[in-house]
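So you can see what is in the structure, the chains are spelled out below.
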Amino acid sequence: MAERLKILVLNQISPKGLARLPAEHYIAGPDIALPDAVLVRSADMHKMEIPASVRAIARAGAGTNNIPVEAMSARGVPVFNAPGANANAVKELVIAGMLMAARQLSGALRFVDELDTAHADLDKTVESGKSAFAGFELAGQTLGVVGLGKVGCLVADAAIKLGMNVLGYDPEITVDAAWSLPSQVKKAASVAEVLRSAHFVTLHVPLVQATRHLVKADNIGLMRPGTVLLNFSRDGVVDNAAVLAALSSGHLGHYVCDFPNAQLHRHARVICLPHLGACTREAEENCAVMVADQLSDFLENGNIVNAVNFPGVTMARESAYRVAIANANVPNMLGQISTAMAQAGLNIHNMVNKSRGDMAYTLVDVDSAVTGTVLDDIGAIEGVLSVRYLPHASGRSN
Ligand SMILES: NC(=O)c1ccc[n+]([C@@H]2O[C@H](COP(=O)([O-])OP(=O)(O)OC[C@H]3O[C@@H](n4cnc5c(N)ncnc54)[C@H](O)[C@@H]3O)[C@@H](O)[C@H]2O)c1
Ligand SMILES: O=C(O)[C@H](O)COP(=O)(O)O
């Protein structure tokens, strides 16, 4: 049996996903030395020493801010994620969060929890106490959605179906996302416009330098008094000190989030969940299956689907001998790679090359077996970040 590929698993991954990496070809678990790849959810990999043996990182979810993506790019290592695979789960929790705030459900549940149900006046106590939890309805309210990607679009669509008005902002919305939005969704020109106009504001952006403290002291005052702010993106997308000040002044109605933190812990108008957005059976399975398939296709065939730092590149196998090369996106790389192959007497059967930003990726199928010397020669070309030889494993195909 050929040597099995080793996958280091850093978080609990749905068994349905792990089953896509059959034991005949893979060994996957939490204690794997010199892994070929890492499978992860939210484990923080920034301080981890990632062995040189790692050829890919697969995030069974959307956000990749827990992964040192730039450092991996410099090593020619793709970081995969699972776009949209958990979006419905997040959408449902955002709707739940809006309802929890609008109907004061946390306080109401606490009130019921503290009732003396054996008391003869139980009914009276319930009827007199309930007025403290009178709320308002979502229909007719305006929801502002910042970030119209996989989650934001589903939230906007659900809110329209609930009778809300929806205003969306995303300076880099994709054509597909724009097509998926109901026509009733209005386009905002800035975050400020969303904050000024909405009764509810929900954030669905990745945490990157540009989105850190997207909602902060400078702009939180633009919100209408009593606004409900929802953050199911990442803790760092809002400035918690500014949220606390706005809650204390009464300007912010509620803050609903998925990220417990010391500053806002136990605040009466903070509804905080323990990072539950993607924690449904369906989302966990979808994410795990999607990334396990992407990972195995990359490890076995070099194909790249849904990497956040590489172009998408797939090529059907027409030869048993494939070389996969990640390189800097600079002139004459292909010329040097094909020259090295020609000098070794290799005939190129098929080839595909694509770039994305500074990264380029090439798959080359050749007509005969490739020696270690050619691979070393290609690896020595300035700008080549990684080279892999992928002879077709018997019985496995793409
Ligand atoms: N709470 C959870 O469990 C959970 C689950 C899934 C995703 N998330 C978080 O939500 C984020 C979004 O998820 P997604 O699946 O919708 O990702 P996505 O990549 O499909 O969408 C993100 C969108 O944000 C937009 N964007 C980026 N910067 C922006 C800015 N400054 N202003 C407005 N829009 C901006 C992008 O153009 C993109 O359309 C993830 O990166 C992750 O951090 C959390
Ligand atoms: O970015 C994501 O996909 C979510 O934050 C989910 O994180 P989890 O996989 O740790 O639940």
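No experiment lies behind these values; they were computed from the predicted model shown.

Attention now goes to the overall build of the protein. The secondary structure content of the protein amounts to 13 helices and 16 strands. If you line up the protein on its principal axes, its C-alpha atoms span 90 × 50 × 35 Å. The buried share of the protein, taken over its 398 residues, is 41%.

Let's shift gears to the site of ligand 2. With respect to spatial proximity, the complete set of residues near ligand 2 consists of Arg41, Ser42, Gly61, Ala62, Gly63, Asn86, His275, Gly277, Ala278 and Cys279. Across the shell around ligand 2, the residue classes break down as three nonpolar, six polar and one charged.

We now examine the sheet that holds strand S8 (residues 186-187). Sheet architecture is open: seven strands sit in the order S8-S7-S6-S9-S10-S11-S12, paired in parallel fashion. Unpaired on one side and paired on the other, S8 and strand S12 (270-272) mark the two borders of the sheet. Pairing between strand S6 (residues 142-146) and strand S9 (residues 200-203): four bridges, direction parallel. Note on S9: the bridge partner recorded for leucine 143 is phenylalanine 200.

Turning our eyes to something else, we now look at the site of ligand 1. By nearness alone, 32 residues border ligand 1, and Gly63, Gly147, Gly149, Pro206 and Gly277 come closest of all. Mapped onto the shell around ligand 1, the elements with two or more residues apiece are helix H3 (87-102) and helix H6 (150-161). Per-element tally for the shell around ligand 1: the top contributor is H6, with three residues. Composition of the shell around ligand 1 by domain shows at least three residues from each of domain 1 (1-85 + 281-309) and domain 2 (87-272).

Within the largest apolar cluster, 114 residues are counted, with the highest numbers of intra-cluster contacts made by Leu39, Ile57, Leu230, Val291 and Leu295. Sorting elements by how many residues they give to this core places helix H11 (residues 281-301) first, with ten residues. Among residues more than four places away in sequence, those in contact with isoleucine 57 are Ala37, Val38, Val40, Ile67, Met72, Val77 and Val79.

Phi at leucine 34 takes a positive value of approximately 45°, unusual for a residue other than glycine. Here leucine 34 is to be found in the loop between strand S2 (26-29) and strand S3 (37-40). Within the chain, histidine 275 stands out as a residue other than glycine whose phi angle is a positive 50°. With respect to the helices and strands, histidine 275 occurs in the loop between S12 and H11.

Moving on, we come to the pairing of S9. Residues Phe200 and Thr202 line one face of S9 and the alternating positions Val201 and Leu203 line the opposite face, and both faces are buried. The sheet contact formed by S9 and strand S10 (residues 227-231) spans four bridges and is parallel. Within S10, the residue paired with valine 201 across the bridge is leucine 229.

This paragraph deals with the domain arrangement of the protein. Size of an interface, as often reported, equals the accessible area lost when the parts are brought together. The domain boundaries assigned to the protein delineate domain 1 (1-85 + 281-309), domain 2 (87-272) and domain 3 (311-398). Here the C-alpha centre of domain 3 lies 22 Å away from the C-alpha centre of domain 1. Of the residues in the side of domain 1 that touches domain 3, the class split is four nonpolar, six polar and four charged.

Moving on: the environment of valine 194. Tracing the chain through its elements places valine 194 in helix H8 (residues 191-197). For the pair valine 194 and valine 145, spaced 49 residues apart in sequence, the C-alpha separation works out to 7.5 Å. Excluding residues that lie within four positions of it along the chain, valine 194 makes contacts with Gly144, Val146, Leu167, Tyr169, Ala188 and Val201.

What follows deals with the packing of helix H12 (residues 333-343) against helix H13 (residues 372-379). When two helices pack together, their arrangement is given by the angle between the helix axes and the distance between those axes. At a closest axis distance of 10 Å, the pairing of H12 and H13 adopts a crossing angle of 160°. As the angle between them shows, H12 and H13 are arranged roughly antiparallel. As for the relative orientation of H12 and H13, their crossing is right-handed in sense. Note on element contacts: H13 touches H12 through Val374, Asp377 and Ile378, opposite Ile337, Ala340 and Met341. Looking at the contact of H12 with H13, its residues break down into five nonpolar, no polar and one charged.

Averaged over the protein, the pLDDT score is 97; the fraction of residues at 70 or greater is 98%. Scored below 50 in pLDDT, residues 394-398 shows seven contacts in the model against residues more than four places distant or in partner chains. If you check the scores for this complex, the pTM reads 0.96 and the ipTM reads 0.99.

The strands making up a sheet associate through hydrogen bonds between their backbones, and the pairing can be parallel or antiparallel. Spatial strand order, S2-S1-S3-S4-S5: five strands in an open sheet with parallel pairing. Pairing within the sheet leaves two strands with one partner each, and these edge strands are S2 and strand S5 (79-80). Sheet analysis places strand S1 (residues 5-9) next to S2, joined by four bridges and oriented parallel. Considered in S2, the bridge of lysine 6 is made with isoleucine 27. Sheet strands touched by H11: S1, S3, strand S4 (56-59) and S5. Its angle to S4, the strand with the most contacts, is close to 165°.

The sites that UniProt annotates as "domain: ACT" (unreviewed entry) are residues 322-392. Taken end to end, residues 322-392 is 27% helix and 42% strand, and its first and last C-alpha atoms sit 8 Å apart.

We now examine H12. For H12, the set of buried residues is Met333, Ile337, Ala340 and Met341. The arc that holds every buried residue of H12, seen down its axis, measures 100°, which confines them to one face. When the buried face of H12 is taken as reference, the exposed residues oriented beyond 90 degrees from it are Gly335, Ala342 and Gln343. Against strand S13 (321-328), strand S14 (348-356), strand S15 (359-366) and H13 lie the buried residues of H12. Just past H12, the residue glycine 345 takes up positive phi, approximately 80°.

About the cut-offs
- Residues numbered from 1 in each chain as written.
- Chains lettered and ligands numbered in written order.
- Predicted model: local features only at pLDDT ≥ 70, side-chain atom pairs only at ≥ 80, totals over all residues.
- Helix = DSSP H or I, 4+ residues; strand = E, 2+ residues; numbered from the N terminus.
- Buried ≥ 20, exposed ≤ 12 C-beta atoms within 10 Å, placed from the backbone.
- Near = placed C-beta within 6 Å.
- Nonpolar A, V, L, I, M, F, W, Y, C, P; charged D, E, K, R; others polar.
- Pairing = 2+ DSSP bridges.
- Domains from an automatic or database assignment.
- Core = buried A, V, L, I, M, F, W, Y, C linked by C-beta atoms within 7 Å.
- Contact = placed C-beta atoms within 7 Å.
- Axes fitted to C-alpha atoms, helices over the stretch in contact; angles between N-to-C directions.
- Parallel < 35°, antiparallel > 145°, perpendicular 65-115°, else oblique.
- Left-handed = near helix turned anticlockwise from the far one by under 90°.
- pLDDT = per-residue confidence, 0-100.
- UniProt positions renumbered as here; feature names shortened; annotations may be inferred.
- Arc of directions from axis to C-beta.

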